[in-house]
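The residues making up each chain are set out below.
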Amino acid sequence: MAEAGEIRTDEEQEHDPEQEARRRLALAQIRQYPDPVLRMQAREVESFDDDLEALVARMRNLMQDARGVGIAATQVGVLRRVLVFQRDEEEPPTALVNPAIVERSEEAETDDEGCLSLQGVLVPVERSVRVTIEGRDERGRPVRFELEELSARVAQHELDHLEGKLILDRTTPEARREALGTLRPRPALDRLA
């Protein structure tokens, strides 16, 4: 990923047709704006079971196939407080269940963010530069991460999804108007023969 946000861009690399097909298939399984589930709040996870592990595995695969750096359960239509994000390119994606930010820096930075649920949109969003986040892994073990820069931004973005908030809610009015114009469905006109 070159810039902050939820979408990893690999424009310098050519993707083979199989990778591109997997990306399109993954994106087709991710809820897209204005799907109402994207505005709903997720519920706390109470059971750490095989179903939860299967959900996390599915989210990891979708995120990686879509070439994203984060995904929330609401983006796959599941109203549970689960997110998966890439903390570091060298490590496998991390799952967080019932995550909460317990500390955040006063220092904030504005950078462009994209989202797997808002294809074609990149808007400026202000986020804390450092956050400490706690939760559990998919097996129920407590976890705590001190995140900075991009990983902090991605975690905050995914936590917003669990609250029913989108980058459209956190950007400038001008950027929001432009993004909504991009997201507005275009009427299909029938061609006359």
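Values in this document were obtained by computation on a predicted structure and should not be read as measured data. (Residues numbered from 1 in each chain as written. Predicted model: local features only at pLDDT ≥ 70, side-chain atom pairs only at ≥ 80, totals over all residues. Heavy atoms only, no water.)

## Some thoughts on the pattern of salt bridges
Tallied over the full model, the rule gives 18 salt bridges. A salt bridge links Arg 67 to Glu 20, with the nearest nitrogen and oxygen atoms 3.5 Å apart. In this pair, Arg 67 sits in the loop between helix H2 (50-65) and strand S1 (70-72) while Glu 20 sits in helix H1 (residues 17-28), placing the two residues 47 residues apart along the sequence. Note on Glu 20: relative accessible area 21%, which makes it partly exposed. A salt bridge links Arg 81 to Glu 44; the nearest nitrogen and oxygen atoms lie 3.5 Å apart. In this pair, Arg 81 sits in the loop between S1 and strand S2 (82-85) while Glu 44 sits in the loop between H1 and H2, placing the two residues 37 residues apart along the sequence. Exposure remark for Glu 44: the relative accessible area of 49% places this residue in the partly exposed category. (Salt bridge = Lys/Arg side-chain N within 4 Å of Asp/Glu carboxyl O. Helix = DSSP H or I, 4+ residues; strand = E, 2+ residues; numbered from the N terminus. Buried < 20%, exposed > 50% of the residue type's maximum accessible area, 1.4 Å probe, protein only.)

## Describing the nonpolar core
By size, the foremost hydrophobic cluster in this structure holds 19 residues, and its most contacted members are Leu 52, Leu 55, Met 59, Ile 71, Val 82 and Val 84. Per element, the largest residue contribution to this core is six residues, and it comes from H2. The residues touching Val 84, leaving out its near neighbours within four places in the chain, are Val 56, Met 59, Arg 60, Met 63, Gly 70, Ile 71, Pro 93, Thr 94, Ala 95 and Glu 158. Formed by 16 residues, the second largest nonpolar core is a distinct cluster that contains Leu 96, Phe 145, Ala 152 and Val 154. (Core = buried A, V, L, I, M, F, W, Y, C linked by side-chain atoms within 4.5 Å. Contact = heavy atoms within 4.5 Å.)

## Brief notes about a negative patch on the surface
A contiguous patch of negative charge on the surface is contributed by Asp 49, Asp 50, Asp 51 and Glu 53. By the element assignment, Glu 53 lies in helix H2. Note on Glu 53: relative accessible area 31%, which makes it partly exposed. (Patch = residues over 30% accessible without salt bridge, like charges linked within 9 Å, V, L, I, M, F, W, Y side chains within 5 Å. Areas by Shrake-Rupley, 256 points an atom, 1.4 Å probe, with all protein chains shown as cover. Lys, Arg positive; Asp, Glu negative; His and termini not counted. Charge placed at Lys NZ, Arg CZ, Asp CG, Glu CD.)

## A look at the pairing of strand S6 (residues 130-136)
Remark: a regular strand shows side chains that alternate across the two faces of the sheet. As paired elements, strand S3 (residues 94-104) and S6 share five bridges and run antiparallel to each other. Within the sheet, the bridge partner assigned to Ala 100 lies in S6 and is Glu 134. Of the strand pairs in this sheet, S6 and strand S7 (residues 142-148) are connected by seven bridges, and their pairing is antiparallel. Bridging across to S7, Arg 130 finds its partner in Glu 148. (Pairing = 2+ DSSP bridges.)

## Things to note about the sheet that holds S6
Strand order in this open sheet of five strands is S1-S2-S3-S6-S7, and the pairing throughout is antiparallel. Single-partner strands in this sheet number two, and they are S1 and S7. Along the sheet, successive strands turn relative to each other by an average axial angle of 40°, direction set aside. The sheet contact formed by S2 and S3 spans four bridges and is antiparallel. What sits directly across from Phe 85, in S3, is Thr 94. This element, H2, spans S1, S2 and S3 of the sheet and lies at about 35° to S2. Along the sheet, helix H3 (residues 149-162) contacts S1, S2, S3, S6 and S7; its crossing angle with S2, the most-contacted strand, is approximately 155°. (Axes fitted to C-alpha atoms, helices over the stretch in contact; angles between N-to-C directions.)

## Observations regarding helix H5 (residues 173-183)
Those residues of H5 that sit buried are Ala 175, Ala 179, Gly 181 and Leu 183. Among the structural elements, strand S5 (123-128) and helix H4 (167-170) are those in contact with the buried residues of H5.

## Quick notes on H1
In this model, H1 (twelve residues) spans 16 Å end to end at C-alpha, consistent with the 16 Å of a helix rising 1.5 Å per residue. Residues of H1 that are buried: Arg 23, Ala 26 and Leu 27. When H1 is viewed along its axis, its buried side chains cluster within an angular range of 95° and face the same direction. Exposed positions of H1 whose direction lies more than 90 degrees from the buried face are Pro 17, Glu 18, Arg 24, Leu 25 and Ala 28. (Expected span 1.5 Å × (residues − 1). Arc of directions from axis to C-beta.)

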